[in-house]
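Observations on the model geometry
Here's the letter readout for the chains.
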Amino acid sequence: MTEQLADSYDVVVIGGGAAGLSGALTLARARRSVVVIDAGAPRNAPAEGVHGLLGREGIPPAELLERGRAEVRGYGGHVVTGEVAAVARDDDGFTVTLADDRTVGARRLLVTTGLVDELPDIPGLRERWGRDVMHCPYCHGWEVRDRAIGVLASGPMSVHQALLIRQWSPDVTYFTHTMAPLTDEQAEQMAAHGIRVVDGDVTGLEIVDDRLAGVRLADGTVVAREVVAVATRLVARGGFLAALGLTPVPHPAGVGEHVPADPYGRTDVPGVWVAGNVTDLVAQVGAAAAAGVTAAAHVNADLVTEDTRLAVAAYRTPLPA
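Heads up: these notes are all about the structure in this document. (Residues numbered from 1 in each chain as written. Predicted model: local features only at pLDDT ≥ 70, side-chain atom pairs only at ≥ 80, totals over all residues. Heavy atoms only, no water.)

Overview of the pattern of salt bridges
In the structure shown here, the tally under the stated rule is 21 salt bridges. Arg-233 is paired through a salt bridge with Glu-118; the nearest N and O atoms lie 3.2 Å apart. Within this pair, whereas Arg-233 is found in strand 16 (residues 233–236), its partner Glu-118 is found in strand 7 (residues 115–118), the two being separated by 115 residues in sequence. In this structure Arg-233 comes out as partly exposed when scored by relative accessible area, which is 36%. Salt bridges here are not isolated pairs; linked through shared partners, they connect Asp-10, Arg-32, Arg-107, Arg-108, Asp-302, Glu-306 and Asp-307. (Salt bridge = Lys/Arg side-chain N within 4 Å of Asp/Glu carboxyl O. Helix = DSSP H or I, 4+ residues; strand = E, 2+ residues; numbered from the N terminus. Buried < 20%, exposed > 50% of the residue type's maximum accessible area, 1.4 Å probe, protein only.)

As structure tokens, then:
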């Protein structure tokens, strides 16, 4: 991995997941100078494999990223380990400051820092995350098909999550936990699908031989379950953008906070694009990678426009005798 930063680049990509590496690959192939600054904390690190990604079904997340880094470097792009602490606008674009005080200049920024999953404060939930505690049936539903699955109510999408997961297993139990009681319509939907509804606060998980065995309620009851699904609160990693006037805002679906952008990744701050989960909270790996390519193409087009303006200005200026 290239760890030496140049003084400046056409584009600094902040975040080295599927979106960032795909964007960097596109830019490097467009003969742009580009660097990916990656903090090395991918959201899907606990997962055994990436699913739903055509041609790479089941590939371990770390292997996918290593292949992506090699591809970016193969076209002359740089990939640097580091955490971005601050960004600031300057006369030529932006100055990016890393946590170790290194700085680098950028004409444009592509932010692909992803998001953080905020789990309910229930003992054991975080420790089992990515193992037998899951969130996305499209990512992991096949792997837990036909098993005893519990859905922990945690937000506005929890009922939908339970109905969705029923597609993968006939044995689904919905734990209302601290959420409001189901409406009559929701209760009827659950009954129609054979989904058991259990009221009462969830206080922990029952683990036997390093496997999830059940969900423990406040009254001491343990409901046998092999898998727990939970709709996490999704919060974009974008705090360092505040200095540019760009901060995560509540998502319209009420599932967390994202950095808004147009369909091409362009934000309200000139020169700053976003792609992947930092803006599209529910994007899977394939969608995030595609968004990185789309944003990168529009970043390059924007740079071409600027390069052309500068070239025309120089062309119109007579050379000295």
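As for the side chain of Asp-132
Within the secondary structure layout, Asp-132 lies in the loop between strand 7 and strand 8 (133–134). Take Asp-132: its relative accessible area is 9%, and that puts it in the buried class. Polar contacts involving the side chain of Asp-132 include one to the side chain of Arg-128, which spans 2.9 Å. Excluding residues within four positions of it along the chain, Asp-132 makes contact with Arg-211, Leu-212, Glu-226, Val-227 and Val-228. (Polar contact = N/O pair within 3.5 Å; in protein donor to acceptor, adjacent residues only side chain to side chain. Contact = heavy atoms within 4.5 Å.)

Here we look at the sheet that holds strand 16
Two strands in a sheet stick together by hydrogen bonds in their backbones, pointing the same way (parallel) or opposite ways (antiparallel). Spatially, four strands are ordered 7-16-18-17 in an open sheet, and the strand pairing comes out mixed. Every interior strand has two partners, whereas the edge strands, strand 7 and strand 17 (249–250), have only one. For strand 7 and strand 16, the ladder comprises four bridges, and the chain directions are antiparallel. Of the residues in strand 16, the one forming a bridge with Leu-115 is Ala-236. (Pairing = 2+ DSSP bridges.)

Some points on helix 1 (residues 18–29)
The periodicity of an α-helix, 3.6 residues per turn, causes residues three or four positions apart to be oriented the same way. Between its terminal C-alpha atoms helix 1 stretches 16 Å, which fits the 16 Å expected from twelve residues at 1.5 Å a residue. Listing the buried residues of helix 1 in full gives Ala-18, Ala-19, Gly-20, Leu-21, Ser-22, Gly-23, Ala-24, Leu-25, Leu-27 and Ala-28. The secondary structure elements touched by the buried residues of helix 1 are strand 1 (8–14), strand 2 (34–38), helix 2 (61–74), strand 6 (103–111) and helix 6 (285–316). Just beyond helix 1, the residue with positive phi is Arg-31, at close to 65 degrees. (Expected span 1.5 Å × (residues − 1).)

What about empty space enclosed by the protein?
This model, assessed by the stated rule, comprises one cavity of 30 Å³ or more. Empty space within the largest cavity amounts to approximately 50 Å³. Forming the walls of the largest cavity are Ile-122, Leu-125, Gly-150, Val-151, Leu-152, Phe-175, Val-202, Leu-205, Val-215 and Val-228. Listed by contribution, the elements that provide at least two residues to the lining of the largest cavity are strand 9 (149–152) and strand 12 (202–208). It is strand 9 that contributes the most residues to the lining of the largest cavity, three residues altogether. Residues of the lining of the largest cavity, tallied by class, amount to nine nonpolar, one polar and no charged. (1 Å grid on protein atoms, 1.4 Å probe; cavity = no way out; pocket = protein on both sides within 12 Å on 5 of 7 lines; lining within 4 Å. Points joined across faces, edges and corners; volume = space filled by probe spheres on them. Nonpolar A, V, L, I, M, F, W, Y, C, P; charged D, E, K, R; others polar.)

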